[in-house]
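Each chain, letter by letter, is given below.
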Amino acid sequence: MATIHWLEEIQSRKDDLLADAKGLLAIKSILDEDHSMSDAPLGKEVKEALDFMLQLGKRDGFQTKNVDNLAGHIEYGEGDEMIGILCHVDVVPAGEGWTSPPFSPEVRDGKLYARGAMDDKGPTIAAYYGMKLLKELNLPLNRRVRVIIGTDEESKWRCVSRYFETEEMPKYGFAPDADFPIIHAEKGIADFYIIQEDQPSTYEGIEVVSFHSGQRLNMVPDHAVATLSLHKDTEALKESFLDYLNTHQLEGTFNVEKDEVVLEVKGKAAHAMEPNNGVNAGLYLGAYLSTLELSSRPAQFFGFLYDFLFKDTRGNKLGLKFSDDITGDLTLNVGTIVYQKDGESKFGINIRYPVTYSMADQLGSLEALLQDKGLKLADFDDSKPHHVEKDSPLIQILQKVYEEQTGDKAELLTIGGGTYARSLQQGVAFGPLFPGRPDVAHQKDEYMEVEDLLKAAAIYAQAIYELAK
Ligand SMILES: [Zn+2]
């Protein structure tokens, strides 16, 4: 068989590819549950984006299937086994400050700008054109190929949950929804709360009226505020607080309002997958409070913070420390802290754990430790780690294709976050962001270099071919 010039083949289809990409990008497919309908559970425009893709499939002579208007697929070829490419057509809200309207896609300086250009509509079209090229070249395949289209990746993954309830799991697959070269291991992600129930103090001291830090478990909070009942010696308190800020090189404020003192600390936000990249404002403010003569209930709560959470992003003091050669350290982020004088108080925890660890197995000893401190664990939610072995045929083939087409080494990456690939049994994240390119997903002026879009399509075409032949 003659050599196939994958990139040239894709380049000769550039105009069609861009026209279809722009058609998809023009749909404002943001989750809209307020306007949920029986045939459009996630909103009219999300459904419209799914229909758009299925319509392309029909136009080009493929089999298509809509699965409860939450997901669907476009299928090519014959064979018992199937190769799946998992994409999504929902997008996050546009936000403010765009140079050109986010849903009026346009090419400037070789870049295709629109919400979804990189995440994940551009790559969806690239993968689709990869499969379409195989059909047009009439290449013989032994396995079927499916472009699977989800519509809820940015929120609750109801698309893939529903899809795989009834639809076949691909033999091998990839998700063009993260980085090139290949992400083959993703840590497990566990969320839970550590709760102190409402209870009277057994001795009186400074009262913490309220304490708030953080909005979400997967971020290091950059702000914390505490309100204390007025301390007799406000001046001494102020001095010690400012001293504390100074010692730890933190910004913050001290204010007296009516009969209360309000303390604020600023930190630095970071993604929970590496809490050491941030400065946790909540932990710093909480650790300061733990040094005061508090009433017994806040003393217990903030004492626990100081003893078990402060300056410990590896979970050492909670007995969770673990590391492996594949994905490195377990990390622990305290994403939210809420204390209420009259009410339940809690720490919101996000843990990213290595692929060879089982978070669920640690719950017994963690619960025992918490109980001993008058606290309890609640709302445990676990997304298991995801890992495809280095020597699996999937990895070998994707590495070969990537190296042939780019001339660069296809290093295997591991991450603390989760990618869409974890919903596949044998699946990895494969592109679309090339090494060295800025990650503009979810930001204003999101774009994808047109050259990269075509390169990705050519890589996907050959990858699908090699996996399915
Ligand atoms: Zn995505």
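Just so it is clear, the structure is predicted and the values come from calculations on it, not from any experiment. (Residues numbered from 1 in each chain as written. Predicted model: local features only at pLDDT ≥ 70, side-chain atom pairs only at ≥ 80, totals over all residues. Heavy atoms only, no water.)

### Topic: the nonpolar core
A general feature of soluble globular proteins is that nonpolar side chains tend to end up buried together.
1) Next: Ranked by internal contacts, the top residues of the largest apolar core, which has 72 residues, are W6, M53, M131, F174, L398 and F430.
2) Next: Element by element, the count of residues in this core is highest for helix α11 (residues 450–468), at 14 residues.
3) Next: Residues in contact with W6, not counting those within four places in the same chain, are L133, L134, L139, Q405, A458, A461, Q462 and Y465.
4) Next: Membership of the second largest hydrophobic core comes to 52 residues, among which are V208, F241, V261 and M359. (Core = buried A, V, L, I, M, F, W, Y, C linked by side-chain atoms within 4.5 Å. Buried < 20%, exposed > 50% of the residue type's maximum accessible area, 1.4 Å probe, protein only. Helix = DSSP H or I, 4+ residues; strand = E, 2+ residues; numbered from the N terminus. Contact = heavy atoms within 4.5 Å.)

### Overview of the packing of helix α2 (residues 14–25) against helix α4 (residues 121–136)
1) Next: The contact between α2 and α4 brings their axes to 9 Å, and the two run at 140°. Here α2 is positioned oblique relative to α4, judged by the angle of their axes. As α2 runs across α4, the sense of the crossing is right-handed. Residue-level inspection shows D16, L17, D20, A21, L24 and L25 of α2 in contact with α4, the latter providing K121, I125 and Y129.
2) Next: Its residues assigned to classes, the contact of α2 with α4 shows 6 nonpolar, no polar and 3 charged. (Axes fitted to C-alpha atoms, helices over the stretch in contact; angles between N-to-C directions. Parallel < 35°, antiparallel > 145°, perpendicular 65-115°, else oblique. Left-handed = near helix turned anticlockwise from the far one by under 90°. Nonpolar A, V, L, I, M, F, W, Y, C, P; charged D, E, K, R; others polar.)

### Some remarks on the sheet that holds strand β19 (residues 331–340)
1) Next: Strand order in this open sheet of 8 strands is β14-β15-β13-β11-β19-β20-β10-β21, and the pairing throughout is antiparallel. In this open sheet, the two edge strands, each paired with only one partner strand, are β14 (251–257) and β21 (376–383). Neighbouring strand axes in the sheet, compared pairwise and without regard to direction, differ in orientation by 15° on average.
2) Next: The sheet contact formed by strand β10 (residues 188–196) and β21 spans 6 bridges and is antiparallel. Residue pairing across strands places I194 opposite L377, the latter belonging to β21.
3) Next: Along the sheet face, helix α8 (residues 296–309) touches β10, β11 (208–213), β19 and β20 (345–353) and points at about 170° away from the line of β19. (Pairing = 2+ DSSP bridges.)

### Quick word on the pairing of β14
1) Next: The sheet contact formed by β14 and strand β15 (residues 260–266) spans 7 bridges and is antiparallel. If you follow V256 over to β15, its bridge partner there is V261.
2) Next: Hairpin geometry of β14 and β15 is characterised by an intervening segment of 2 residues between the two adjacent antiparallel strands and by a positive phi of about 50° at K258.

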